[in-house]
Amino acid sequence: MKKKIICVVGTRPEAIKMAPVIQRLRQESWADIQVLATAQHRQMMDQVLTLFGITPDRDLNIMQPNQTLSSLTAKLISELDTVFQQERPDAVLAQGDTTTVMSVALSCFYHHIPFGHVEAGLRTGDIWNPFPEEMNRVVASRLAKWHFAPTGSAKANLLREGIPESDIIVTGNTVIDALLDTVKKNPQPPADQDTSGRRMILVTSHRRENFGQPFEEICRAILHLVRHNPDVDILYPVHPNPNVKDKAYELLGQHPQIRLCEPLEYLPFVNAMQQAYLILSDSGGVQEEAPALAKPVLVLRSETERPEAVTEGVVKLVGTDFDTIVREAQQLLDDPQYYRQIARGVSPYGDGLASDRIARTLKNSLLS
Ligand code: UD1
Ligand code: UDP
C-alpha cells in the first residue's frame, strides 16, 4: 500500500518552496502525493504552480480581498478539517510561516496526522517581528513530527525549544532547489555590469509590520535615490495586498525612473534579480536567493530570522529608516570596492538537494 502524503501550498513563497518537494516526492513509487492548495493567495500562487507544472488535487479557494488574519484562520481551520477527515493521509507537509502553515499544523494535530514542517526553526525571538509569522512558525514547530531545518542555526533554535535532535533534519532550503532549477531553464549573462550604463535597483515589500509609516519611509528613500542618481532605475513589482499596492502607486507611481508593475512570474523575477545592481526587499525568499546570485540585498527590516547571509556580510539589515536606507544604498552605488565585497556569490541556504533529503527522510520514517 502506498503512503498518502498531502503537500499543502497557500501563498506564492510556499508554492515556490514546495514545488521541488512535490516534484521530487512524485518520483517515489511508495508515495501517493496529493497537492492541496488553500489559495490563501489566488493569482500569485497560481502563477507559480503553472510554471512548475503542478495542478492541485484540491483547491480551497480561500482568498478574499484584503482578508483579515482571523477570518483567514477560521476559514482555513474549518476547510482543512473536512479535507483531513475525508482523506486520512499518512503525512502532511507544509512550508514556512504563513497562516496556512499554522492552520495546517493545528488541523493535523486535531486529526492525529503526522505533520512535516519544511523550513523549520527560523526565529527572530520577537513575536511581533515579523507579525504574525514568528508565532505561526513557533506553533508549527510545537506540533510537527519532522522538522526540516534549512540551516544549522535553525536546528540550534529548535534544540533550544526542546525539540528532540532525532526529529530535526538539516536539509538546506528548498528555495535553492527551485532557484537553481529555474536558472538552468533560462541562463542569463552575469549582469552586475549594465552595458547601457544604467543601473537597476529591484524593490519588493509586503510585511505587515511595515504597513503605514515605515512603508512610507521606504518610498521616500526610493524617491530620494532616483532623484540623486540619474543613472539609476527602480523596478518594483508591487505586492497585491491593498495596504501596499495603494500606497506604492500613490507615492511612487509618477516618477519616470520608477517602474511599478504587477507581481512578476517566478522566471522573469529571477531574471530581474540577475539583472539588478542592488535589491531592496523585506522578503524572506529574496534574502535567500539573492546571495546565491551574487546580488547585494538591503533588508528593509530591523531583524531577520535568516542571519546567515548577514553574518557572511552579503546581506545588510537596514530597517525602514530613511537615512539608513539612503546611506547604505548610496555607498553601494558609489563604492565599487565595497560593492564587490558584498556581491560575492555566497549561498548559505542550500546546495539544491534539500528536497532529496526530505524525500529520503520520509521514506525511511514512513516505511520503517
Ligand atoms: C502572506 C503571508 C506572509 C508571506 C506573504 C508572501 C500570512 C498572514 N501572511 O502575506 O507571511 O510572507 O504572504 O507574499 O500568512 N492578494 C491578491 N492576490 C494574491 C495574493 C494576495 O489580491 O495573489 C491580496 C488580497 O487582497 C489578500 C491580500 O493580498 O487579501 C493579503 O493576502 P494575505 O495572504 O493575507 O497576506 P500577505 O500580505 O500576502
Ligand atoms: N517573487 C516572484 N515575483 C515577484 C516577487 C517575488 O516570483 O514579483 C518570488 C521571489 O523570488 C521569492 C518569493 O517570491 O522566491 C518571495 O515571496 P514573498 O516575498 O511574497 O514572500 P516571503 O518570502 O517574504 O514570505
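In case you missed it, the structure is sitting above this.
Just so you know, these numbers come straight off a predicted model, no measurement behind them.

## What about the pattern of salt bridges?
Inference 1: Tallying each qualifying case throughout the model produces 31 salt bridges.
Inference 2: When the shortest N-O distance is used, the salt bridge between R137 and E134 registers 2.6 Å. One end of the pair is R137 and the other is E134, both in helix α5 (residues 133–143) and three residues apart, which spans about a single turn.
Inference 3: With a relative accessible area of 2%, R137 lands in the buried category.
Inference 4: Salt-bridge contacts for E217 lead to R220; the nearest nitrogen and oxygen are separated by 3.5 Å. Within this pair, E217 and its partner R220 are both found in helix α8 (residues 213–228), separated by three residues, close to a single helical turn.
Inference 5: On the basis of relative accessibility, which here comes to 14%, the residue E217 falls in the buried class.
Inference 6: Under the relative-accessibility criterion, R220 is labelled partly exposed at 45%.
Inference 7: In this structure, a network of salt bridges that share partners links the residues K17, D97, E119, E134, R137, E288, R301, E305 and R306.

## Observations regarding the packing of helix α7 (residues 174–185) against helix α10 (residues 266–275)
Inference 1: Closest axis-to-axis distance for the α7/α10 pair is 10 Å, and the angle between their directions is 85°. The angle between α7 and α10 falls in the class roughly perpendicular. Residues V175, A178, L179, T182 and V183 of α7 lie in contact with α10, whose contacting residues are Y266, L267, V270, M273 and Q274.
Inference 2: Residues of the contact of α7 with α10, tallied by class, amount to eight nonpolar, two polar and no charged.

What counts and how
Residues numbered from 1 in each chain as written. Chains lettered and ligands numbered in written order. Predicted model: local features only at pLDDT ≥ 70, side-chain atom pairs only at ≥ 80, totals over all residues. Heavy atoms only, no water. Salt bridge = Lys/Arg side-chain N within 4 Å of Asp/Glu carboxyl O. Helix = DSSP H or I, 4+ residues; strand = E, 2+ residues; numbered from the N terminus. Buried < 20%, exposed > 50% of the residue type's maximum accessible area, 1.4 Å probe, protein only. Axes fitted to C-alpha atoms, helices over the stretch in contact; angles between N-to-C directions. Parallel < 35°, antiparallel > 145°, perpendicular 65-115°, else oblique. Contact = heavy atoms within 4.5 Å. Nonpolar A, V, L, I, M, F, W, Y, C, P; charged D, E, K, R; others polar.

Interpretation note: all reported values are geometric properties and have no functional meaning in isolation.
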